[in-house]
Structures are given as structure tokens and as C-alpha cells.
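Close look at the chain arrangement
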Amino acid sequence: MKMGLAEPRYLIDLKAIPDLGRLDIASDGGIRIGATVTHAAIAASEAVRNYAASLAEMAAGIGNIRVRSVGTLGGNLAFAEPHSDPATLLAAAGGAVELSDDSMVRRLPIEDFVIGEFQTNRRQEEVLVAVTLPPLPKGAALAYQRVRNFERPAATLAVRLDSDHGRIVNSRVVVGSIGVTVSLLVRTADALIGASLDDGDAIRRAAGEAASECSPDVDLNGSEEYKRHLVFTLLQRAALAAASSIRTSAA
Amino acid sequence: MDALHIVGTNVPRLDGLEKVKGGAAYVGDIALPGQWHAAVVRSPLPHARLVRLDTAAAEATGATVLTIGDLADIHPYFGSSIRDQPVVAADRVRFEGEPVAAVAARTPEAAAAAAELIDVEYEPLPHVTDPVEAIADGAPCVHNAGAPAPSRFAGGSPDLFPASPNICAGFFVRHGDGALGLAAADEVIEGTYATPAIQHAHLEPHSAIASWEQDRLTIWSSTQGPSVVRGQLADLFGLPHSRVRVRVPVVGGGFGGKSFATIEPLVAALARKTGRPVQLVLTREEVFQTLTRHAAVVRMATGFNRDGTLVARQVEILYDTGAYADSGPRTCRKGARLSSGPYRLPHQEVRSMAIYTNKVPAGAFRGFGLPQICWAYESQMDEIALHLDIDPVELRERNLLVDGESPAPGGRPISFSVGRCLDAVAEAVERPASIEASDDPRIRSARLLVGSGVACAMKSMTSPTTSIATVSMNADASVQVLTSSVDIGQGSRTVLAQIAGEVLGRPPSEIHVSLPDTDVTPFDQGTISSRITYAVGKAVLLAASKVRKSLLEFAAIQLEISPLDLELAGDAVRVRDSPTIRRSTVEVLRSAFDGRGGAITETSRVRVGPPEGRPEDDNAMPPAYMFAAAGAEVAVDPETGAVAIRRLVVASDVGRAINPRLCHMQNEGSMLMGVGSALFEELAYDGGQLVNGSFLAYPLPSIRDQPASFQSLLVEDPHPNGPFEARGIGEAAIAPVAAAIGNAVADALGGRRVRTIPLTPERVAAAIADAPITETV
């Protein structure tokens, strides 16, 4: 609006709708975060911390204290600023948005919701009402890593690992902020499957896969080559953190 | 010196409460009756010919439109050193954002809407945004083709410089013989050191209101230099200085960005055509299109002997002055003169140039050319130290100028406190081995690379300059100080009140230091070059001393005693040998004025620079030198290249701290500004377009970037000419900060050095990967 790109006739404050501000634990152990829950509330939530400490920590690191106190999860996702934290982690967790018009509710995976720079799949008549995250059972963990040169991240990367008896049986890897949208790194995730949780070499190989699989844009945060290098570094850090978190909770 | 009561104390800023409560009025808070508002039409292209400018639709809305055609009666160009900048574009635009036309209308919104209706047709021309490319053969000409006028060069013949029409100014300095000196030295290290254009980012944007009554122009401006802007406007409109009045309300920061005319010519010209007062407050994005700090490329070769003694230096400096000269010629001279740093260099040869490019004009910025050159010479000092395996502090100490030497060969001998500044910071920073041995778990677990570094700087003051101050003591003994110097947030009104209060025995709260109004307040060169405390402070001291002398003379008549036997002690005059015989200042004044009103008013004039030669000009004072050193400890992430500053310490010489707290705040501001320029600030261009010209995209240091250990130290080496032996502290401390951080990073990287700031993670990561060690030739 300040730059004259949008001139809305009316501005409606959705925060007055109580249901949008709820944060609930689902019966299956998943979690549902209303669109107007602030980043600060997510960071402080015991329920969120029990679900995944990395989610609370990510929220605690968004922007600055002013943004966290006033900014909401739904607002952040719907704005679709590429240099943003939450979408990367939520997509790795397998999260989805709930979009509602006056007759029905539609669910979209996070990675299908954000489709471009400041662009989403939300229809004109829809409101983003909540984000849902599937359960994170025992043996699974979520980790988030980022690099920021300025206030907003230059590169974000999240890993979900599901393990069984010390071996990775499923994985999701998502990279963000290096391009206009978050992207699933499928080959990288596959490279992790089958590896033992303490197999540093496998994680290093997956990091190499991530560096080649991602498609960075060139901007003030750095060249394509440097961003691939960052993705390589972040994948290792995130995968090691997730593996370590599984081992810790198992111990 | 007598005991001091007010000087040397932390008097709170006299205007602090008013500012914090939101009561301070800036130009943007003023609304004159009948005032209209301005909007500026700006070029979207970096270089183009103006083919057609259609203003009919805009004028049909009732708005007034100013184009170059409205200025046919004057020479419509301005500039503090060369009048090369048109008030609005004539036939060409030379940078993206250059004003092409200006619009006045009843409201800011109506002005903006009318500006949108102005139709401009451009014919794009090839552009150049790099100063090295700009002086290469075949580069696009920013101004006229052909060789620059010989008058653009000083210190040596134009033949000493590359032949390029884009040289705005050149300055040559030689003492000894640079080439022979390099040949005679045991070894030579050479490097190219680059600094980008950065933004001043003063909180208050450039703002002005202009109002004409017949042939008299009054302008309210956020300027740092009302007396100078008055002269620039008078010259522009062909008016006597006495018919231009510049008033300056409270100013919200400047850092050099408001030193000379910027938007005032345009606003005055628009008001002249509109026939009513016109106000313009730039948007933040427009501030980015108004003035920057010079980007610079410094090629430096230094010869030295194996014992670490510096022998000779050859330097080529390219200051990128953007599309118009502004302060470029003076910046290139200042940088040349300061390129030996605070070191003894028997042989030196410097070619310094201001280069035109198709970028936002570059002008004065805290440090005025010094930060760019200091980045070069202090980076190179550490390269020499590493090469010779001499401790960097030790190498500097072997070469620092000492008391009784002159900053330049053949000059006046002065006292050098830079060694004391260096010692203070060297003591405060730890060497890597002791950092690694510390218990910082973050460093150990993440295997961060740690290092430390120091850097020194010396800055001279602009000369010659004039400052005049008037001091009045009213019948109730309250005091008024009239000055055209501007408090841009540094606290000069408080410091000047302390000086007057000390001389006259009055508390600062009873002293009012005026806001500038050139119809009333006397000439001052402006808030530039760290000169307010030193020069204006001295003028206030002298005028206040004359007031005190008159006061004692009145008391002497009343007490029937010689004034020589009297002294002022607090709020009373007393007999020196019989202190019980006293008369309060208020009583003295009441008797003197027979109970009616009155005042004792005195004016003093100070000239910084060589004496003018008339015997009555006994108020000449030499330009002061300022000294500072910085020390830094960093931790570098070896994988991402991210630099974290663990500790930053700066020591600068203030002569005598008139207000220690304000001095520390100046240092702290310099430190944080230095951190920004060292680690991330850079105005980025792509295809001639500024791509990060907003606070959304341009990274400024915030409290998040303040190192955990952040320390300002004051050194007090009394200056023989300063008021109460004080000297300025606004600028010197910013210069060594980036180099100290750069040296700490190179230390952490085992000598691998990044010679370009900002030290972005990518540049640091590349240095870690590539290991380009110092080239020795």
C-alpha cells in the first residue's frame, strides 16, 4: 500500500473474530493454529513447545519484537513475502492451510498455497482461517535452520525426519527464501531415507544433493553459488539437529 | 585554569525532554497560512535526453508546475563547490531520481496526483555507475565531452591524471618522491580497497518551506548550514544575502546529508512561481535519491623496511561523486591529504579524483572522505604487519607521528594523542588465543573462527571557516546565545550553554541558545567537520568573556573599586581579596540599568585557519586535528561466512569533555554507524537503478547489531586553542571502526583478507574458500 501497488477501498481487521485466534491440540496429536494467533503467542505456547520445540523457536526468531507482538501467522503466510520464516517449517511438517468462504472450507498444503512473490492460491472471497499440522509421533522430529544477513532471512531450511529403530524411514525437506516460494527437495529427502540417525556421511551426501536440487535466485543476499553453499550448510545443520532431537527424546 | 563547575559535567540535553514528549517542531510540523504542498517528478532512467515534457494535464487540475523554462531569468544551477546541478533537469537527466519538474497544489495528495499527470518522454542514453569504468576510454559522458577545465585540478597539472571527461575534480599531493621511495624500500605491498556508496539515513527527511514577499525570500529548512544555504540561494536568485532569510527549527539528524543546499533551490523556485508559500518534506525513498556517501576505490602501494618503518606510499583514489559535484572536489582533497594516516611517511604521492557517474550525487558524510581512505591504509597496515610478522599494534607504534611533529611535512607542529587512543583500545581487546581459551560455549561448539584487530585515524578540520556568536545577559542575569550553528541532535545547544554558563556563572537552564534565523543570528559556516564545539564554542567563550568584563566594570563603578580587583563567582561579583564584599549579578545589572530594562550584549568572531592579517583579528585559531582508534573482536562462522562482533571499543580524543555523556553518545553513534558500513550497508545498483533505496530493503544497524561488549573511551589531550581546551568529537571515531573489524576478520581467517566492504557473509565465505593472501610485488 505504501508503494502504491495496492489501493484497497476498505481494510477489515480480522482479529476481532474470536475463532481465528484459537490454538488447539487435535485429538490425533496434531495442532491447529488460528490465523490471527501472533508469533509471540506461538513462541510462548506450551502446547506448541510440546508439539515441536523448533516451531516455538522459529516463531521466537521472526523479524523483531514489534513484528512478533503484532504480526500473525495467517498474516505472514497470506502476505507470501519470500524472505519469511514460517512457511518453510510448516511445509516440512506437512502442514496445510484452511481457507474459508461463506459456504465451505478448503484445505491446501502449505507448499501449494504459496505460489509466488506476494502471491497465494487464496481466492478473492476466501479468508485464511487456520494452519493445521499433522501429529509428530515418537521417533519423528522437526528442525529449522536459517541464515539472515538483514532482518529477514536469506535462506531457510527445515527437515522432518521419521525414524524407526534409529533409522530414517521418512523425511521431508523444504527450502525457502532463496527463491520466490518454498520448495520441497524430494531427491534430498529420498537421500536421507534408509540412513541411520548417526550417519554423518549420509547427511553430508544429502546436503550435496540439496545444494544441487535447490534453485536459488540471485539477489542482495548473494549469488546462486553462495546460496547453494548455504543450503548445503543448513541441510547438514537441520538434519543433524532433527536426528539429535529424536535420539534425545528416545533416551 | 580555575575550577570548573558546569564544563565537564553531564548536563542533560536542554531540548531532550521537548523532543521526547513530541513537542519539538521540525519543518514538517510548520504550516504557514495559505501554504501549498510540493511533489517532485523524478526521472525513472539513469541517463537520458529529455525529448518532451507535457504539463498541461497537471496544470488543468489547478496545480502550479515548475520546469526549467520557468527559470530563464536566472542561472538555474547550484552546487557547493561547482554549480553543475540544475534546479530541475534542463535537457538531460543524469541519475535515476533526478527532479525533472515540481508541482505545487493545495494538499500533498493533490500535488502527488498532479505530478502523476505530467507526461515526460525520454531518449535513453548509455549510463555508467562505476567510477573505474567511468574514466576508461569510451565511457558515457555524464556531463560534457572533452577535457575538464584546468581549474578543476589542484596541486598539479591535469596531465598527472587520466584523460577523461568524467573527472569532476583532481587533486595531487607529493612530498619526497613516491616512486623513488618505493624503489628504495625493502619491500612493497600493494592493494585495491573499495567502499560502496551508503546512505546517511538521518531520521528527519530533507524538508523546506519557501515563502516570497516581493523580492525577499524566507525559507525554513532542515539544513545543517543556514548561513551557507542563504549564500547559495542568494547567488541562485541574484539577490543580496540580506534579502534571503533562512530559518532552522529543530533538526532531526544530518550526518552531512544536509550540509549544503539540496531541496531548497527547488522549493524556493516553486514558491516563486506559485506566488504562495510551498512546503516539501521528502519521502524516505526520495531521501535515498538526494545524497549519499561517496563510494571509493583506493589503489595503494606502501614501501617499508624490514624493521617495519614505513618509507613511501603511492595512492590513487577514485571518489564516485555521482551525477553532480556537490562536495566531491573537497572530499577528494581531504582524502588525499589524509591518506598517510597518522603515520610518518617520508615519501608520498597521491592522485585523488572525484568522478562523475550516473548515480545519486555524493556529498558530505560524517568523516568526509576519511572512512574510505582509512579502510585502505589501516587494512594495509595489518597486511604489512602480517608479512613482517610484527604485532599490528607494535607496527603502528613504530610509525605513529609524535608530539612536536607535523601532520604534513613542513607544517605546524602539533600534539598527537593517537598513540594514547591506540593504547587504550589495544588494552581492551583480547588476542584470539585468549578468546579461544574463554568459556564462550557458542564459540567452541560452533567451531567459530575468532580474531581481533585495531585501527587508527586522524582527521583534520575544514579551513578556513568563520563562526560568530552573540551573547546577551539580560537584566535578570539570564543569558541568550545567538548562533547560526545547528544542533542536529548531537547536543551542541547544550554544550554552548555550558560554555556560556561557565563563563557567566549561570546554570545552563537559564541560558537559551537560539535556533538559527539568518536575519537575527550571526554567520556560521555550519554544523560540519566537527567544528561546533571548537569554533562556535570559542566564539561563545570570547563573547561571554566580554559580557563578563562589562559586568565587572558595572560592578566596579558601583563598588568604587578597580574592575581588576573583582571576580565573578557563581551568581555574584566579589572583591578578589575580600570575598565577603560582594554584590549579586542581578543587583549589579539592576543598578546599571536604573531598574529599567537592559542587557549586556557582545559579539565575537572566530576564524579557523590562517590569520587574515589585520591586527584586530586576534581570534584566528588553527584547524584542530582529531584522533581516534578502534578495536574489535569478531567470531566468524566458517561455513556461512557470517561475522559476529563480540567486542567493539573506540577511543577518541576530545581535548576536554565539556559534556562527557554527550561525547560518549557521539562515539557510540560513530561505532554503530561504522558497524553498518563494515558489515552490510551498501547502496546497490542494477542497470543504473538503485535497487535498495528504501528502509524495507536497505539494512541499517539496529540495537540487534550492537555488540555485546560496546565501549566508548575518551582521551583528553588538551587543545591549546579550543574553548576550555576542547576539540570536536563528531567524526574521527567512525573512520577506524570498519578497518578494525576488517582486521579482526582477517586475523580470524589466518590473514585471508577481504579488501571490499561491506564484509558480507558471501565475501567472507569466499575468502575462507579461496585464500587469496596479500600480493607482494
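Criteria and cut-off values
Residues numbered from 1 in each chain as written. Chains lettered and ligands numbered in written order. Predicted model: local features only at pLDDT ≥ 70, side-chain atom pairs only at ≥ 80, totals over all residues. Heavy atoms only, no water. Helix = DSSP H or I, 4+ residues; strand = E, 2+ residues; numbered from the N terminus. Rg over C-alpha atoms; globule rule 2.2 N^0.38 Å. Areas by Shrake-Rupley, 256 points an atom, 1.4 Å probe, with all protein chains shown as cover. Lys, Arg positive; Asp, Glu negative; His and termini not counted. Charge placed at Lys NZ, Arg CZ, Asp CG, Glu CD. Buried < 20%, exposed > 50% of the residue type's maximum accessible area, 1.4 Å probe, protein only. Contact = heavy atoms within 4.5 Å. Pairing = 2+ DSSP bridges. Phe/Tyr/Trp six-rings, centres within 6.5 Å; stacked < 30°, edge-to-face > 60°. Lys NZ or Arg CZ within 6 Å of the ring centre and 35° of its normal. Axes fitted to C-alpha atoms, helices over the stretch in contact; angles between N-to-C directions. Left-handed = near helix turned anticlockwise from the far one by under 90°. Nonpolar A, V, L, I, M, F, W, Y, C, P; charged D, E, K, R; others polar. Expected span 1.5 Å × (residues − 1). Buried area = accessible area lost by both parts, 1.4 Å probe. Salt bridge = Lys/Arg side-chain N within 4 Å of Asp/Glu carboxyl O. Polar contact = N/O pair within 3.5 Å; in protein donor to acceptor, adjacent residues only side chain to side chain. Disulfide = S-S within 2.5 Å.

Along its length, chain A carries 10 helices and 11 strands. Its C-alpha atoms give chain A a radius of gyration of 18 Å, near enough to 18 Å, the size a compact globule of 251 residues would have. Expressed as lengths along the three principal axes of its C-alpha atoms, the size of chain A is roughly 55 × 45 × 30 Å. A total accessible area of about 11900 Å² is found for chain A, and carbon and sulfur atoms account for 52% of it. Averaging the coordinates of the 26 positive side-chain charges in chain A and doing the same for the 30 negative ones gives two points 4 Å apart.

Below, the discussion takes up the overall build of chain B. If you tally the helices and strands in chain B, you get 20 helices and 34 strands. Taking 777 residues into account, the globule formula puts the C-alpha radius of gyration at 28 Å, and chain B, at 27 Å, falls close to it. Expressed along its principal axes, the backbone C-alpha trace of chain B runs to roughly 85 × 70 × 55 Å. Here chain B holds 777 residues, and the buried ones make up 62% of them. For chain B, the share of sequence-separated contacts (at least 6 apart) that also reach a separation of at least 24 residues comes to 79%. When the accessible surface of chain B is totalled, it reaches about 27900 Å², and 51% of it is carbon and sulfur. Taken together, the 69 basic and 89 acidic charged side chains of chain B have centroids lying 4 Å from each other.

All names here are of chain A. Alternating residues of strand β4 (residues 105-109) divide into R106 and L108, all buried, and V105, R107 and P109, none buried. Strand direction decides the pairing type here: strand β3 (residues 96-100) and β4, joined by 5 bridges, are antiparallel. Across the sheet, A96 pairs through a bridge with P109, a residue of β4. In sequence, β3 turns back onto β4 through a hairpin of 4 residues.

Now for the packing of aromatic side chains. Residues and elements named next belong to chain B. Here the structure, examined in full by the defined rule, presents 9 aromatic pairs over all chains. Ring geometry for F288 versus Y698: centroids 5.3 Å apart, planes at 70°, classification edge-to-face. Here the residue F288 occupies a position in the loop between α8 (284-287) and β16 (292-293), and Y698 occupies one in the loop between β33 (689-690) and β34 (709-715), the gap between them amounting to 410 residues. Exposure remark for F288: the relative accessible area of 0% places this residue in the buried category. Geometrically, the ring pair formed by F554 and F593 is edge-to-face, given 6.2 Å between the ring centres and 75° between the ring planes. Here F554, found in helix α16 (residues 532-559), pairs with F593, found in the loop between α17 (585-592) and β28 (599-608); they are 39 residues apart in sequence, far enough to count as distant. Linked through ring pairs, F288, F695 and Y698 together constitute an aromatic cluster. The positively charged end of R293 is found above the aromatic ring belonging to F365, 5.3 Å away from the centroid.

Once that is clear, we can look at the packing of helix α10 (residues 370-388) of chain B against helix α19 (residues 735-748) of chain B. All names here are of chain B. Where α10 contacts α19, the axes come no closer than 8 Å and their chain directions differ by 30°. In the crossing of α10 with α19, the sense of the turn from one axis to the other is right-handed. Along its contact with α10, which presents L370, P371, C374, W375, E378, S379 and D382, the element α19 presents A735, P736, A738, A739, G742 and N743. Broken down by class, the residue content of the contact of α10 with α19 amounts to 8 nonpolar, 3 polar and 2 charged.

With that out of the way, let us pick up α10(B). Residue and element names in this part refer to chain B. For α10, built from 19 residues, the straight-helix expectation of 27 Å at 1.5 Å per residue is met to within 8% by its first-to-last C-alpha distance of 26 Å. Taken across its 19 residues, α10 has 17 buried, putting it largely inside the fold. Looking one or two residues beyond α10, the residue adopting positive phi is D389, at roughly 55°.

This next bit is on the environment of G139(A). All names here are of chain A. Looking at the secondary structure, you find G139 in the loop between β7 (127-133) and β8 (140-147). In this structure, the C-alpha to C-alpha distance between G139 and G75, residues 64 residues apart in sequence, is 32 Å. Once residues lying within four places of it in the same chain are set aside, the contact partners of G139 are L161, D162, S163 and I246.

Further remarks concern the interface of chain B and chain A. Where interface size is quoted, it is often the accessible area lost as the parts come together. Contact with chain B, which involves 14 residues of that partner, is made by 15 residues of chain A. When chain B packs against chain A, the two sides together hide about 1300 Å² of surface, and 51% of this comes from carbon and sulfur. Among the residues chain B hides against chain A, the three largest losses belong to E639(B), R704(B) and E762(B). Together they make up 42% of the total. Our count for the chain B to chain A interface comes out at 2 salt bridges. Note that E639(B) is salt-bridged to R237(A), the shortest N-O span being 2.7 Å.

Turning next to the side chain of H294(B). Residues and elements named next belong to chain B. Here H294 lies in the loop between β16 and β17 (295-304). Taking the relative accessible area as the measure of exposure, H294 reaches 1% and is therefore buried. Within the local environment of H294, its side chain forms a polar contact with the side chain of T321, the two groups lying 3.0 Å apart. Residues within four places of H294 in sequence aside, it is in contact with T195, P196, A197, Y319, D320, T321, S327, G328, T331, A362, G363 and Q372.

All names here are of chain B. Read across the open sheet, the 3 strands follow the order β6-β2-β8; overall the sheet is antiparallel. The open sheet has two edge strands, β6 (92-93) and β8 (119-124), and neither has a second partner. Here strand β2 (residues 48-54) pairs with β6 via 2 bridges, running antiparallel. The residue bridging R49 from the neighbouring strand is R92, located in β6.

Residue and element names in this part refer to chain B. What the rule picks out here adds up to 0 disulfides over all chains. C332 supplies the cysteine sulfur nearest to C168, a cysteine that is in no disulfide, at a spacing of 7.8 Å. With relative accessibility at 0%, the residue C168 sits in the buried group. Sulfur of C663: no disulfide; nearest cysteine sulfur belongs to C421 and is 13 Å away. C663 gets classed as buried once you look at its relative accessible area, which sits at 8%.

Here we come to the pairing of strand β10 (residues 167-176) of chain A. Residues and elements named next belong to chain A. In this sheet, β10 lies alongside strand β9 (residues 155-164) in antiparallel orientation, the contact comprising 9 bridges. Across the sheet, residue D164 finds its bridge partner in β10, namely R167. What sits between β9 and β10 in their antiparallel hairpin is a turn of 2 residues, with H165 showing a positive phi close to 50°. For β10 and strand β11 (residues 183-184), the ladder comprises 2 bridges, and the chain directions are antiparallel. Of the residues in β11, the one forming a bridge with V175 is S183.

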